[in-house]
Amino acid sequence: MHGLPGQVIGGTIWQGELIFLKETQILWTCEGKGSKLVGKHVWPFAFILPKQVEVKGGGTGKYDLPPSFAKYSSGLRVDYRLLVEIKRGGFPKIDKTLLTLFGYEINSVSEPLSELRQLAYTEEIPLFGPEVDPYGWKVLPAFVVKGTLSGKALQVEITLAISNPTTYAIGYPIPLRITLKTRSKDALVLEELAKPTAIGLDEGFAFWWSTPQDDPDPNQVANNTRELHGELDVPRTIKPTFLFPRCSVRYTLQLLPLTAPGWINASDTQYPLLSERVTIVSRQGPGMNVRSDAPPGYDRSQAVNYLQSVDLLENENQIVVSRRI
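Residues numbered from 1 in each chain as written. Predicted model: local features only at pLDDT ≥ 70, side-chain atom pairs only at ≥ 80, totals over all residues. Heavy atoms only, no water.

(A) Expanded view of the overall build of the protein chain. When helices and strands are tallied, the protein chain shows two helices and 19 strands. Here the protein chain, with 325 residues, has 44% of them falling under the buried criterion. A total accessible area of about 18400 Å² is found for the protein chain, and carbon and sulfur atoms account for 52% of it. (Helix = DSSP H or I, 4+ residues; strand = E, 2+ residues; numbered from the N terminus. Buried < 20%, exposed > 50% of the residue type's maximum accessible area, 1.4 Å probe, protein only. Areas by Shrake-Rupley, 256 points an atom, 1.4 Å probe, with all protein chains shown as cover.)

(B) Broad picture of the confidence of the model for the protein chain. For the protein chain, mean pLDDT is 79; residues scoring 70 or higher make up 79% of the total. Per-element mean pLDDT across the protein chain ranges from 34 in strand β18 (residues 310-315) up to 97 in strand β8 (residues 137-139). Counting interchain partners and residues more than four positions distant, the pLDDT-below-50 stretch residues 214-221 has four contacts. A low-confidence stretch, residues 302-319 (pLDDT under 50), is modelled with 51 contacts involving residues beyond four sequence positions or located in other chains. (pLDDT = per-residue confidence, 0-100. Contact = heavy atoms within 4.5 Å.)

(C) Highlighting the pattern of salt bridges. This model, assessed by the stated rule, comprises four salt bridges. With a shortest N-O distance of 3.0 Å, Arg81 and Glu17 are connected by a salt bridge. Remark: Glu17 occurs in strand β2 (residues 17-29) and Arg81 occurs in strand β6 (residues 76-86); sequence separation between them is 64 residues. Overall, the relative accessible area of 16% leaves Arg81 in the buried class. Of the charged contacts in the structure, one is a salt bridge between Asp79 and Arg77, with a shortest N-O distance of 3.0 Å. With relative accessibility at 25%, the residue Arg77 sits in the partly exposed group. (Salt bridge = Lys/Arg side-chain N within 4 Å of Asp/Glu carboxyl O.)

(D) Local environment of helix α1 (residues 115-123). When we look at burial in α1, the residues that qualify are Arg117, Ala120 and Tyr121. Across the axial projection of α1, the buried residues extend over an arc of 95°, all falling on one side. Facing away from the buried side of α1, by more than 90 degrees, are the exposed residues Glu115 and Thr122. Buried-residue contacts for α1 involve β8, β10 (152-163) and β12 (173-182). Count one or two residues on from α1 and you reach Glu124, which has phi positive near 55°. (Arc of directions from axis to C-beta.)

(E) Layout of the pairing of strand β7 (residues 96-101). For β7, the buried fraction is low: zero of the six residues fall into the buried class. Looking at chain direction, β6 and β7 are connected through six bridges and run antiparallel. Considered in β7, the bridge of Val84 is made with Leu98. (Pairing = 2+ DSSP bridges.)

(F) Broad picture of unusual backbone geometry. Here the residue pair Asn164 and Pro165 is connected by a cis peptide bond, since its omega of 5° sits within 30 degrees of zero. Here Pro165 is to be found in the loop between β10 and β11 (167-169). A positive phi is found at Glu124, a non-glycine position, where the angle reads about 55°. Among the secondary structure elements, Glu124 is positioned in the loop between α1 and β8. Phi is positive for Arg246, which is not a glycine, with a value near 75°.

(G) Here's a closer look at the nonpolar core. Core analysis: the biggest nonpolar cluster contains 52 residues, and Phe20, Ile158, Ile178, Leu180, Leu193, Leu201 and Trp208 have the highest contact counts within it. Setting aside residues no more than four positions away along its own chain, Phe20 makes contact with Gly10, Gly11, Thr12, Val53, Glu54, Val55, Leu65, Pro66, Val78, Tyr80 and Phe244. Counting six residues, the second largest nonpolar core, distinct from the first, contains Leu113, Ala120, Leu127 and Val290. (Core = buried A, V, L, I, M, F, W, Y, C linked by side-chain atoms within 4.5 Å.)

(H) How the structure looks around the environment of Lys152. Within the secondary structure, Lys152 is located in strand β10. Owing to a relative accessible area of 42%, Lys152 belongs among the partly exposed residues under this scheme.

(I) Up close: the side chain of Ser114. For Ser114, the location among the structural elements is in the loop between β7 and α1. Among the polar contacts made by the side chain of Ser114, one reaches the side chain of Asp133 at a distance of 2.9 Å. If sequence neighbours within four positions are ignored, Ser114 has contacts with Asp133, Tyr135 and Gly136. (Polar contact = N/O pair within 3.5 Å; in protein donor to acceptor, adjacent residues only side chain to side chain.)

(J) Just the packing of aromatic side chains, in detail. The full count for this structure, using the stated rule, is seven aromatic pairs. An angle of 70° between the planes, with centres 4.9 Å apart, marks the rings of Phe20 and Phe244 as edge-to-face. Residue Phe20 is located in strand β2, and its partner Phe244 is located in the loop between β14 (225-233) and β15 (247-255); the two are separated by 224 residues in the primary sequence. Among the residues examined, Phe20 registers a relative accessible area of 6% and is labelled buried. With centroids separated by 5.8 Å and ring planes inclined at 70°, the aromatic side chains of Tyr63 and Phe244 adopt a geometry described as edge-to-face. Taken as a pair, Tyr63 in strand β4 (residues 63-64) and Phe244 in the loop between β14 and β15 lie far apart in primary sequence, 181 residues in all. Here Tyr63 falls in the partly exposed class, since its relative accessible area comes to 23%. Residue class for Phe244 comes out buried when judged on its relative accessible area of 1%. The ring of Trp137 has Arg117 sitting right over it, with the charged end atom 4.8 Å from the ring centre. (Phe/Tyr/Trp six-rings, centres within 6.5 Å; stacked < 30°, edge-to-face > 60°. Lys NZ or Arg CZ within 6 Å of the ring centre and 35° of its normal.)

As structure tokens, then:
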């Protein structure tokens, strides 16, 4: 036997393989004629993976190691493998390679919550809204949708608020708030649009529930406003956000057009009403007691996981796996 090298290799595979990690250790070498191996031998070894690597063709600077990833329908993979080559001398020469794949996951954490959000979770009380806890919410710009409901023309101003900071951990809910407002004198038409089933955040994956309303008073402007609370569960089966040459995974919250019996949108419904880029991380930061804010007895069985529908977008030399949540 002439040598026993061990290697750890990481590569992005899509229309060929781009090796971004390759480290080698020599476990044993032949030193002279009397160094033949006899019997059983054990060579313990270990590799410490670097946090960052330089990538050929990836521009200047270093990139964090990407997690193991596979999208088999496109042939896109990020693989890590460990191999040991057994090289024999003499005639005939017979070499053998021992190979095994292993998984690598990144360790990213969510950012600290606002003091009032942490208080609500600790005391197990309902979350404070954007008016009381402005640091705990990102209120997106309001916009107007137009359409007709049961033959009546209607303009609805929509405001969506999402939990802030916009880094969310896998396996935990994302709190949401949505407000619908109309100047219509007949405010009752808003009731149909303010039902939880009428609002789709990423094809129904979000849960919505109505908030208690005071007795209707047609003389008060507040009766032209309806608010829903909601949350979106981030499944444990997905990968956290990562950016890497040739392969990146990014997430976007998308608010879909309203749907309700008798409602006809005046604009194109094939595009979302609103899109907001968010970051998914692998775990919650220390000391966070994030929990569901849904009311007791709320039925979540209606929720459907559409997060697994993946769109592959080709941007020059990079494949971006864009997931909607």
